Amino acid sequence: MSKKISSALISVFDKDGLEPIVRRMHELGIVMYSTGGTQDFIEKLNLPVIAVEELTGYPSILGGRVKTLHPKIFGGILNRRDDSGDQTQVAEFEIPNIDCVVVDLYPFEKTVASGASHDDIIEKIDIGGISLIRGAAKNYSDVVIVASKAQYADLLDILENQNGTSSIDQRRQLAREAFQVSSHYDTKIYQYFLGEETGALKITEPQKQVLRYGENPHQKGIFYGDMDALFEKLNGKEISYNNLLDVDAAVNLIDEFKHEPATFAILKHNNACGIATRSNMTEAYEAALACDPVSAFGGVLIANGKMDLATAEKINSLFCEVIIAPEFDAQALELLKSKANRILLRRKDIALPKTQVRTLLNGYLFQDKDLATEKIPDFKIATTKAASDAQLSDLEFANKIVKHTKSNTVVLAKNKQLCASGTGQTSRVDALKQAIEKAQSFQFDLHDAVMASDAFFPFPDCVEIAHHAGITAVVQPGGSIKDQLSIDYCNSHQVAMYLTGTRHFRH
């Protein structure tokens, strides 16, 4: 059923975009009610507006905490126009109909993010606005609800192109969006009060991006989040579900090398197929590509520093899905844009979440993110033989990579370059054999290379196989009741072993 707006209550925090709305309302003869700063804004435009206080007979009280919470306001919003009982009561108490409610809530999230004091944050918990939203949305059969400035354009369309007459479908859509606004707002307040404690799991993310499909073409895919806050997209096709999985893995891996010299990584199916640290980005890329030039095809590339022209010239001959860097030289960007579908992302410097959530069975799993990164001072030597300084650096390098590789996994490295990794194997022995075979297939010399494992060795078989391949230094969490068997083998064969005490399973 169509309904024409004859009166509107307007109470917004952010006035941007409000002027054309109130001017059009005035042109259509819509009676406007308002209070506080919004009333002042409308009056400064020389437009007629009735103060809420005039309608209710009560002033704004308690420092502005109570302004619109009054039967004459909520009766005007909630009365059912086709209910004779409601209409008898509104006539008895002289309650005017309010056909449209325009609200923009106090910026609670921004106030929390700004580091404001607890008292300031509490004062930014909107009470009247939330009540207006819920009341108007509940009575969407008769009332148009605009719950945030994000819906201003929808209201302006109704005012300009439909002369203030809305359809039931439009009102229902706006009501649905209004309840999302109020739900999101309340969830953020709950999360603030929850702090670091555990409580009910509440996730709210109003921004979404519909993807071409999910993991496979027959699956629907949607990304919920603000990609624009993390990346500036400089070129390329629409990003896919699988692209996003690889981008997430790439970003988390490269952050391990945020303060290291030039480091370049290539990822495929969420695992690094190449990564290296060198004195400049071009050399880092070439070393990363040499790890596995076959798997690099169609991969996601990421650098921890500026993408320069020399590196871009090397990359340009490789087919890759995504390239990520914190900065691109102008010439490098122009060259890389020559492939229209190649996705180029400039990463912005914002913090990532410190927790993870995934669906499981009929519920959810929640955990802290694995933010533990062991450095050389954290390594505890377990053998009589110690690693060289160069090997210690390689052990630290390999241990960072193993943390971001699917379990069971073993990583082999030498001279700050990934030689190979065994990924996602049901047996650690199989993971090691896979890594050795792969490294040898790409002509890596494993003599004096190092090995990192995401979990302990329950038997000495892995260190024995590694030793026969030329590996002379190992880092692993330790913790097996049979640790000593592996340590004894290393002592007998001049292999250095270090324990970190921290397991890094990744499933």
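To be clear, the structure that these remarks concern was listed above.
So, how was this worked out
- Along each chain, residues carry numbers from 1 onward, in the same order as the chain's sequence is written.
- The predicted origin of the model limits local features to residues at a pLDDT of at least 70 and limits the giving and counting of side-chain atom pairs to 80 or more, whereas totals for whole chains, interfaces and linings rest on all residues.
- For side-chain calculations, the full set of non-hydrogen atoms in the structure is used, while hydrogens and water are omitted.
- Note on conventions: DSSP H or I runs of at least 4 residues are helices, E runs of at least 2 residues are strands, and numbering of each starts at the N terminus.
- Here, strands pair whenever DSSP counts at least two bridges between them.
- Working convention: axes come from line fits to C-alpha atoms, limited for helices to the stretch in contact. Angles between N-to-C directions cover 0 to 180 degrees.
- Here a residue-residue contact requires only that any non-hydrogen atoms of the pair lie within 4.5 Å.
- Expected helix span is computed as 1.5 Å times (number of residues minus one).
- Exposure is judged per residue with a 1.4 Å probe applied to protein chains only, and the accessible area is read against the type maximum: over 50% gives exposed, under 20% gives buried, and values in between give partly exposed.
- Stacked, tilted and edge-to-face are the three classes applied to pairs of Phe, Tyr and Trp rings, where Trp contributes its six-membered ring and a pair requires centres within 6.5 Å; stacked means planes under 30 degrees apart, edge-to-face means over 60, and tilted covers the rest.
- Charge-over-ring contacts are defined here by two conditions on Lys NZ or Arg CZ: a distance within 6 Å of the ring centre and an angle within 35 degrees of the ring normal.

S.K.: Talk me through the environment of Pro-107; I want residue IDs and the actual numbers.
M.R.: For Pro-107, the position within the fold is in the loop between strand E5 (100-104) and helix H6 (108-113). Sequence separation between Pro-107 and Ile-121 is 14 residues, and the spatial gap between their C-alpha atoms is 9.3 Å.

S.K.: Outline the sheet that holds strand E13 (residues 299-303), supporting the account with residue identities and numerical values.
M.R.: Backbone hydrogen bonds are what pair the strands of a sheet, in a parallel or an antiparallel way. Reading across the sheet, the 6 strands line up as E10-E15-E14-E13-E11-E12 and stay open at both edges, with mixed pairing between neighbours. Strands at the two margins of the open sheet, each flanked by one partner only, are strand E10 (231-235) and strand E12 (271-277). Pairs of neighbouring strands in the sheet enclose a mean axial angle of 20°, with direction left out of account. Strand direction decides the pairing type here: strand E11 (residues 263-268) and E13, joined by 4 bridges, are antiparallel. Each residue of the ladder has a partner; that of Ile-266, found in E13, is Leu-301. Along the sheet face, helix H13 (residues 281-291) touches E11, E12 and E13 and points at about 30° away from the line of E11.

S.K.: How would you summarise helix H12 (residues 241-254) if you had to cite specific residues and measurements?
M.R.: Between the first and last C-alpha of H12 there are 20 Å, a value that for 14 residues agrees with the 20 Å anticipated at 1.5 Å per step. Counting buried positions along H12 gives 10 out of 14 residues, so the element sits mostly inside the fold. Among the residues of H12, Asn-243, Leu-244, Asp-246, Val-247, Ala-249, Ala-250, Val-251, Asn-252, Leu-253 and Ile-254 are the ones counted as buried.

S.K.: If you had to explain the pairing of strand E16 (residues 355-360) to someone new, which residues and values would you point to?
M.R.: In the sheet, E16 pairs with strand E17 (residues 363-368) via 6 bridges, with the strands oriented antiparallel. Opposite Arg-358, over in E17, you have Leu-365 as the bridge partner. From the end of E16 to the start of E17, which pair antiparallel, there are 2 residues, and Leu-361 there has a positive phi angle of about 50°.

S.K.: Any chance you could break down the environment of Leu-69 for me, citing the residues and the numbers?
M.R.: Along the chain, Leu-69 turns up in the loop between helix H3 (52-56) and helix H4 (71-78). Judged by its relative accessible area of 37%, Leu-69 falls in the partly exposed class. Measuring from C-alpha to C-alpha, the distance between Leu-69 and Ile-127 comes to 8.8 Å, with 58 residues separating the pair along the chain. Discounting residues that sit within four places of it in the chain, Leu-69 has contacts with Phe-74, Ile-127, Gly-128 and Ser-131.

S.K.: I'd like a rundown of unusual backbone geometry, residues and numbers included.
M.R.: Of the consecutive residues Ser-407 and Asn-408, the connecting peptide bond is found in the cis state with omega at -10°. Mapped onto the secondary structure, Asn-408 falls in the loop between helix H16 (389-402) and strand E19 (410-413). In this structure, Asn-46 is a non-glycine residue whose phi angle is positive, near 60°. Looking at the secondary structure, you find Asn-46 in the loop between helix H2 (36-44) and strand E4 (50-51).

S.K.: Summarise the packing of aromatic side chains; cite the residues concerned and give the values.
M.R.: Evaluation of the coordinates by the stated rule reveals 8 aromatic pairs. Ring centres of Tyr-192 and Phe-193 lie 5.6 Å apart, and the angle between their planes is 80°; this geometry places the pair in the edge-to-face category. Look at Phe-264 and Tyr-285: their rings are 5.1 Å apart centre to centre, the planes differ by 70°, and that puts the pair in the edge-to-face class. A residue pair is termed long-range when its members are at least 10 positions apart, and Phe-264 in strand E11 and Tyr-285 in helix H13 qualify at 21 residues. A relative accessible area of 0% means that Phe-264 is categorised as buried. Here the aromatic residues Phe-108, Tyr-185, Tyr-192 and Phe-193 are joined through ring pairs into a cluster of three or more. Directly above the ring of Tyr-190 sits Lys-202, whose terminal nitrogen or CZ lies 5.6 Å from the centroid. Lys-400 extends its terminal NZ or CZ atom over the ring of Phe-257, reaching a point 4.9 Å from the ring centre.

From the geometry alone we can't say anything about function, so treat these as descriptive.
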